[in-house]
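Now for the letters of each chain:
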Amino acid sequence: MSLVFTASSGINAEYGQLKLERMPFPCDCTVEDKCSAESNCINRVLLTECPPGCKWGEACQNQRFQRRSYPDTKLVKTEGRGWGMIALQPINEGEFVQEYVGEIIDEQEVARRLLYYQATGVTDYYILTVENSRIIDAKPKANNARFMNHSCDPNCETQKWNVCGLTCIGLFAKRAIGEGEELTFDYQFDTRGQEKKACLCGATNCSGFLGVPAKKLETEEKKERAPVKKKSKKKKSSGRRKKKQPVQLSHVQETTAESTSTSTTTSTVGSETTGDDIEDDLLRINAIVNGVDL
């Protein structure tokens, strides 16, 4: 299968086999909001971009993938982590940062490329899964989003959007990002084999390795602050204590459930019992649980 990257449209596509999904709905946005983030645009709610024929035309604010409406960014050399991307302007929470693009390949091609990368000593992968049959490899062809580094405490996240019937991956700000701040997202790295790749993000909750979930700092801090309960010494009683016979609670529950749901005569291990026998059995079970002599 021939695979190409359509740089002209900014959208990944399989050559000759473009599988379109659900097309956008005609929205009912007003002239005041024009499909903005503050509007109730049905397409935005469904993570779908408005089509080129949106009734608001150039004023439509829900065609960011198609228009490549990215904030200003810059590639920089980082300390110990290669290239990275920083923001050249403030970015608001929820704002679209950039689309993640590259060659579209399937699982078989991913396996072949990984073997080739390992055999040739390549350690940096840029593979991101859209679906099982559609996987993005941003190593041979990509945009600047491929240089965004991983972080266990990222300021961006990936979202799947329907763009003109095709699923695309976009990077969006998880929180407000300041000018000059490095842009990062969680790779959710899938480790294959026993070897782990060290994480150098430097976040306070860093797990130490890619593919290992970040530490939950709040939970750990609560455990540290939690008071330690002192074990109280039990007073010795002068009287003799009657030993309770061990009872399997699951067995008791099954027995009572069976006895109450059957008629006056039930079959228990092949013997016939009456309603009075069942009542006596229940009394014995009750006495054993409460340590009472009958």
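The structure displayed is predicted, hence computed values, not measured ones.

Digging into the confidence of the model for the protein
The predicted model of the protein has a mean per-residue pLDDT of 74, with 63% of residues at 70 or higher. Residue range residues 241-274 is modelled with pLDDT below 50. Its contacts to residues more than four positions away, or to other chains, number 24 contacts.

A short note on the pairing of strand E3 (residues 73-77)
Relative to strand E4 (residues 83-87), E3 is paired through 5 bridges, and the arrangement is antiparallel. Counterpart to Lys77 in the pairing with E4 is Trp83. Adjacent in sequence and paired antiparallel, E3 and E4 are bridged by 5 residues, among which Gly80 carries a positive phi angle near 80°.

Re the sheet that holds strand E8 (residues 134-137)
Reading across from one edge, E6-E8-E7 is the order of the 3 strands in this open sheet, with antiparallel pairing throughout. If you trace the sheet from one side to the other, it starts and ends with strand E6 (103-105) and strand E7 (127-131), each paired once. In this sheet, adjacent strand axes meet at a mean angle of 30° when their direction is disregarded. One ladder, built from 4 bridges, connects E7 with E8; its direction is antiparallel. Residue pairing in the sheet places Glu131 in a bridge with Arg134 of E8.

Examining the pairing of E8
Across the two faces of E8 the burial is the same, with Arg134 and Ile136 and Ile135 and Asp137 all buried. Inspection of the sheet shows E6 paired to E8 by 3 bridges, in the antiparallel sense. Bridged to Glu103 within E8 is Asp137.

Observations regarding the environment of Gly80
Locating Gly80 in the fold gives a position in the loop between E3 and E4. On a C-alpha basis, the gap between Gly80 and Cys201 in space is 9.6 Å, while along the polypeptide they are 121 residues apart.

Quick look at the packing of aromatic side chains
Each aromatic ring pair is described using two quantities: the centre-to-centre distance and the angle formed by the ring planes. Under the criterion given, the structure shown has 9 aromatic pairs. Seen in terms of ring centroids, Phe65 and Trp161 are 6.1 Å apart; in terms of plane orientation they differ by 35°. Their pairing is tilted. With Phe65 in helix H2 (residues 64-67) and Trp161 in strand E10 (residues 156-163), this residue pair connects regions lying 96 residues apart in the sequence. Residue classification places Trp161 among the buried positions, given a relative accessible area of 4%. Here the aromatic cluster, defined as three or more aromatic residues joined through ring pairs, consists of Phe65, Tyr70, Phe96, Trp161 and Phe172. Geometry around Tyr117 places Lys139 over its ring, the cationic atom sitting 6.0 Å from the centre. Over the face of the ring belonging to Tyr126 we find Arg146, whose NZ or CZ atom lies 4.4 Å from the ring centre.

Considering a nonpolar patch on the surface
On the surface, a nonpolar cluster with roughly 350 Å² of combined accessible area is contributed by Phe25, Ile42, Val45 and Leu46. Along the polypeptide, Phe25 turns up in the loop between strand E2 (11-14) and helix H1 (42-45).

Topic: helix H3 (residues 107-119)
Over its 13 residues, H3 runs 18 Å from end to end, which matches the ideal 18 Å to within 8%, given 1.5 Å per residue. Among the structural elements, E6, E7 and E8 are those in contact with the buried residues of H3. Among the residues trailing H3, Gly121 stands out with phi positive, at a value near 80°.

Details of the nonpolar core
Within soluble globular proteins, side chains that are nonpolar generally end up buried alongside one another. Grouped together as the largest cluster of nonpolar side chains are 20 residues, with contacts concentrated most on Tyr100 and Leu183. In terms of nonpolar packing, the next biggest core, distinct from the first, is built from 7 residues, Cys29, Cys35, Cys50 and Cys60 among them.

Overview of the pattern of salt bridges
A side chain of one charge can pair with a side chain of the opposite charge when the charged atoms of the two come close. Taken as a whole and assessed by the stated rule, the structure comprises 6 salt bridges. A salt bridge links Glu109 to Arg112; its shortest N-O distance comes to 2.8 Å. Pair noted here: Glu109 and Arg112 are both in helix H3, with a separation of 3 residues, about one helical turn. Taking relative accessible area as the criterion, Glu109 reaches 18% and is therefore assigned buried. Under the relative-accessibility criterion, Arg112 is labelled partly exposed at 49%. With a closest N to O distance of 2.8 Å, Arg113 and Asp137 form a salt bridge. Separated by 24 residues along the polypeptide, Arg113 in helix H3 and Asp137 in strand E8 bring together distant segments of the chain. Comparing Arg113 with Asp137 shows no difference in burial state: the two are buried.

Things to note about the environment of Asn43
Structurally, the position occupied by Asn43 is in helix H1. C-alpha of Asn43 to C-alpha of Cys27: the two residues are 16 residues apart in sequence and 6.7 Å apart in space.

Here is what the cut-offs are and how they apply
- Residues numbered from 1 in each chain as written.
- Predicted model: local features only at pLDDT ≥ 70, side-chain atom pairs only at ≥ 80, totals over all residues.
- Heavy atoms only, no water.
- pLDDT = per-residue confidence, 0-100.
- Contact = heavy atoms within 4.5 Å.
- Pairing = 2+ DSSP bridges.
- Helix = DSSP H or I, 4+ residues; strand = E, 2+ residues; numbered from the N terminus.
- Axes fitted to C-alpha atoms, helices over the stretch in contact; angles between N-to-C directions.
- Buried < 20%, exposed > 50% of the residue type's maximum accessible area, 1.4 Å probe, protein only.
- Phe/Tyr/Trp six-rings, centres within 6.5 Å; stacked < 30°, edge-to-face > 60°.
- Lys NZ or Arg CZ within 6 Å of the ring centre and 35° of its normal.
- Patch = residues over 30% accessible without salt bridge, like charges linked within 9 Å, V, L, I, M, F, W, Y side chains within 5 Å.
- Areas by Shrake-Rupley, 256 points an atom, 1.4 Å probe, with all protein chains shown as cover.
- Salt bridge = Lys/Arg side-chain N within 4 Å of Asp/Glu carboxyl O.
- Expected span 1.5 Å × (residues − 1).
- Core = buried A, V, L, I, M, F, W, Y, C linked by side-chain atoms within 4.5 Å.

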